[in-house]
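Residue strings, one per chain:
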Amino acid sequence: MNRLIVVAVVALLVLGLSDSAFAGTVKLSDSGVGTTNGGEFIATVQSAFAGLSAGDQFGTFCTEKNEYINYSRTYDVVIATWAWNGGNNTNSGDPLDFMTAYLYTQYRAGTLEDADGNDFDGTSDDDVDDLQKAIWYIEQEDYDSSTQSEVWDGTKAGFDDGGNGYLEKAFDAVHGSTPTWTDGIGDVRIMQLWYNGTLAQDQLMLVPLPSAAYLGLALLGGMMFVRRIRRKRSF
């Protein structure tokens, strides 16, 4: 058996394939900023996972446009490197894009700027909306910031920032002539949210440096979706 597969399988055995496959639990609430019916959300940890303690909070954005959450529910969390099922482009798994990882990393660090060098303002509906729309577009969730209808085809030639400064900034950081982001997805992961065995809207999060188990799952995800990654990053 391929050694890469062995590592991934062992990681799955470590985590288990029952309830223990869930990393922990979380509730989502509306930050009160943004008008897209997407982010910004506030995630509140209910039971500890990924170095987070119960009661910890962090801001997040969704990676799926047409799947939803209920603020009254406590969700089980699976930590992954791809969105899964229910979004416009996720029924067979949608790997987290490097550009999304760049934007979310800068957002969480408080260092996010648009292409004109303007600081992200978390109290501005316009800024929060543009960031959520950028994430939807990058993740091919049926959103073009100018027409609100086109889907990015995953190619450099087909990329259209539509005047969205965060899209332009992310593209330049990852695919520009002098890239400033070379960390892939870095510490960014997808929170796949589950409620009573049913998937809900996937969200973004940060994790510490991957443990052996998280690394194994990431490797497994890479093997499962390598064709989709190659298609999506056909630059």
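Look above for the structure.
None of the values given here were measured: they were computed from a predicted structure.

Peer 1: So, the pattern of salt bridges: which residues are in play, and what are the values?
Peer 2: One pass over the structure, following the stated rule, counts one salt bridge. For the salt bridge of K169 with E113, the shortest nitrogen-to-oxygen distance reads 3.9 Å. Within this pair, whereas K169 is found in helix 4 (residues 165–175), its partner E113 is found in the loop between helix 2 (98–109) and helix 3 (125–138), the two being separated by 56 residues in sequence. Residue E113 is classed as partly exposed on the basis of its relative accessible area, which comes to 28%.

Peer 1: Provide a residue-level description of the packing of helix 2 against helix 4, including the pertinent values.
Peer 2: Two numbers describe how helix 2 lies on helix 4: the axes approach to 9 Å, and their chain directions differ by 115°. Classified by the angle between their axes, helix 2 and helix 4 sit roughly perpendicular to one another. Helix-helix and strand crossings are classified by hand; for helix 2 and helix 4 the assignment is right-handed. Contacts between helix 2 and helix 4 involve F98, M99, Y102 and L103 on the former and, on the latter, Y166, K169, A170, F171, A173, V174 and H175. Of the residues assigned to the contact of helix 2 with helix 4, the class counts are nine nonpolar, one polar and one charged.

Peer 1: Kindly report on the environment of G39, identifying the contributing residues and their values.
Peer 2: Mapped onto the elements of the fold, G39 is located in the loop between strand 1 (24–30) and strand 2 (41–47). By relative accessible area, which is 0% here, G39 ends up buried. Sequence-wise, G39 and L131 are 92 residues apart; in three dimensions their C-alpha atoms are separated by 8.5 Å. With residues near it in sequence (within four places) discarded, G39 still touches V33, G34, T60, F61, C62, V128 and Q132.

Peer 1: Can you explain the environment of L199? Please cite residues and give values.
Peer 2: As for its placement among the helices and strands, L199 is situated in strand 8 (residues 198–199). Take L199: its relative accessible area is 14%, and that puts it in the buried class. L199 sits 131 residues away from Y68 along the chain, and the two C-alpha atoms are 9.3 Å apart.

Peer 1: Describe in detail the side chain of Q132, supporting the description with residues and values.
Peer 2: Along the chain, Q132 falls in helix 3. Of note is the side chain of Q132, whose polar atom sits 2.6 Å from the backbone nitrogen of G39. The residues contacting Q132, other than those within four sequence positions of it, are T36, G38, G39, F61 and C62.

Cut-offs applied
Residues numbered from 1 in each chain as written. Predicted model: local features only at pLDDT ≥ 70, side-chain atom pairs only at ≥ 80, totals over all residues. Heavy atoms only, no water. Salt bridge = Lys/Arg side-chain N within 4 Å of Asp/Glu carboxyl O. Helix = DSSP H or I, 4+ residues; strand = E, 2+ residues; numbered from the N terminus. Buried < 20%, exposed > 50% of the residue type's maximum accessible area, 1.4 Å probe, protein only. Axes fitted to C-alpha atoms, helices over the stretch in contact; angles between N-to-C directions. Parallel < 35°, antiparallel > 145°, perpendicular 65-115°, else oblique. Left-handed = near helix turned anticlockwise from the far one by under 90°. Contact = heavy atoms within 4.5 Å. Nonpolar A, V, L, I, M, F, W, Y, C, P; charged D, E, K, R; others polar. Polar contact = N/O pair within 3.5 Å; in protein donor to acceptor, adjacent residues only side chain to side chain.

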